[in-house]
Structure formats: structure tokens, C-alpha cells
Amino acid sequence: MLKLRAGVRGLALALLLAGAPALAEERTIELANGEQLRYRVVTAPAESAHPAALALLGHLAAGEIEAAAALSNAPQRRLEVLRNFRDSVGDDEFKRLFSRYFVPANRLVLEAAIERHRLLVWELGEAERQLTGQYFVEVDGRFLLDDVPSATRTRLQRLLAALKKGDVP
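Just so it is clear, the model here is predicted, and its values are computed rather than measured.

## Concerning the overall build of the protein
Each helix and strand in the protein was counted, giving six helices and six strands. Listed N to C, the secondary structure of the protein is α-β-β-α-α-α-α-β-β-β-β-α in terms of helices and strands. Looking at the protein as a whole, 37% of its 169 residues are labelled buried. By sequence separation, contacts in the protein at least 24 residues apart represent 50% of the contacts at least 6 residues apart. When the accessible surface of the protein is totalled, it reaches about 10,000 Å², and 56% of it is carbon and sulfur.

## Focus: the pairing of strand β3 (residues 107-114)
Across two bridges, the pairing between strand β2 (residues 36-41) and β3 is antiparallel. Residue pairing for β3: R40 is matched across the bridge by A113. Bridge analysis of β3 against strand β4 (residues 117-124) gives seven bridges, and the strand direction is antiparallel. Bridged to A113 within β4 is R118. Where β3 folds back onto β4 in an antiparallel hairpin, the turn is made up of two residues, including E115, whose phi is positive at roughly 55 degrees.

## A word on the nonpolar core
L60, L82, F98, W122 and F136 are the most contacted members of the largest nonpolar core, which totals 21 residues. Elements that contribute at least two residues to this core include exactly α2 (50-61), α3 (65-69), α4 (75-89), α5 (91-99), β4 and β6 (142-145). Looking at which element gives the most residues to this core, the answer is α2, with six residues. Leaving out residues up to four positions away in the same chain, F136 has contacts with A49, A52, A53, L56, R116, H117, R118, L120, F143, L144, L145 and D146. In terms of nonpolar packing, the next biggest core, distinct from the first, is built from 17 residues, L31, Y39, V41 and Y135 among them.

## Some words on the packing of α2 against α5
The geometry of a pair of packed helices is captured by two quantities: the angle between their axes and the separation between those axes. Closest axis-to-axis distance for the α2/α5 pair is 7 Å, and the angle between their directions is 155 degrees. For the element pair α2 / α5, the angle class is roughly antiparallel. Of the two possible hands of crossing, α2 and α5 adopt the one that is left-handed. Contacts between α2 and α5 pair L57, L60 and A61 from the former with F94, K95, F98 and S99 from the latter.

Definitions and limits used
- Residues numbered from 1 in each chain as written.
- Predicted model: local features only at pLDDT ≥ 70, side-chain atom pairs only at ≥ 80, totals over all residues.
- Heavy atoms only, no water.
- Helix = DSSP H or I, 4+ residues; strand = E, 2+ residues; numbered from the N terminus.
- Buried < 20%, exposed > 50% of the residue type's maximum accessible area, 1.4 Å probe, protein only.
- Contact = heavy atoms within 4.5 Å.
- Areas by Shrake-Rupley, 256 points an atom, 1.4 Å probe, with all protein chains shown as cover.
- Pairing = 2+ DSSP bridges.
- Core = buried A, V, L, I, M, F, W, Y, C linked by side-chain atoms within 4.5 Å.
- Axes fitted to C-alpha atoms, helices over the stretch in contact; angles between N-to-C directions.
- Parallel < 35°, antiparallel > 145°, perpendicular 65-115°, else oblique.
- Left-handed = near helix turned anticlockwise from the far one by under 90°.

Now the structure itself:
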């Protein structure tokens, strides 16, 4: 076995870890309109928006809409949307709907990345399983709920639609 000095081993490990994102699974699907959609499956915790999603969902499940809205890249718009939704379903139902994400039978099934944007796909539902998605974007080293329309977010929305239709293996 090749023995490396501690400094060389550390450098080799750092180079290996730095290259880890390149080892992530790249996927391409063809959409119904013929568009080729390329994305990367996120598996490395350091690249994942999952902790940000759990923080957001925790605030929502507790009914803390101001704290949840602060985790958006358009916080005022998100606050208005959350208030309107809570007003339409009631406080208890609002909390129940977001608490479902923490039920063990409901789970994150995919995190897809295109550039700095993420799509987290959750499998939810008590009787009939359904897929739902959350969109995040990395801003200044942290993930925020992506509430600003963009071409990349639109591509991720197309990916979610294809997943829901069963067009993605």
C-alpha cells in the first residue's frame, strides 16, 4: 500500500472532496415538447437545500408565517401569499398541512439541481401518494425559498411536472 505523508494525504483528500460534486449523478430527460432538460441529483449534504426546507417547514407547521417568509428571496411577496392561504384554510388546517412533511411516511424523494437552483420533491399523502415540490436558490452561501421567476426555476417546474406524470424513470 502506498504511504503518503500527512500533508500529502490531506491535500489528496481535499482534492478528492473538491471534485465530489462532479461525481454527482447527472441526468437528462426529454420533455413532451422535445426539450432536453439536464439536471443533477444532489446527494452531498453540503450542497443540499434540505436543511433550509426543514427550517421553513418547521416555521410553517408552527404557524410562524413571518419567520417562514424571511427564508424567501422575495419575503414580502411570500408573507402575503402565506397570509392569504392561512386566511383561506384557517390556522389549524394551515399548520396541519405543513406538519405533514414531518410524518415519517412522507418523505423527500429527490433533490434536483440546475446551477444554483434546487427542486426538492416530496412524496406526500395519507391515502393516495402525491408528489409536491419546493424551489430553492442559493444566495450568498445559503438557500432561500425561490419566489422570483426565472428561466432556471421554470425548467425545474417542468421537471416536477414530468415527475408527476411519470415521464421520468
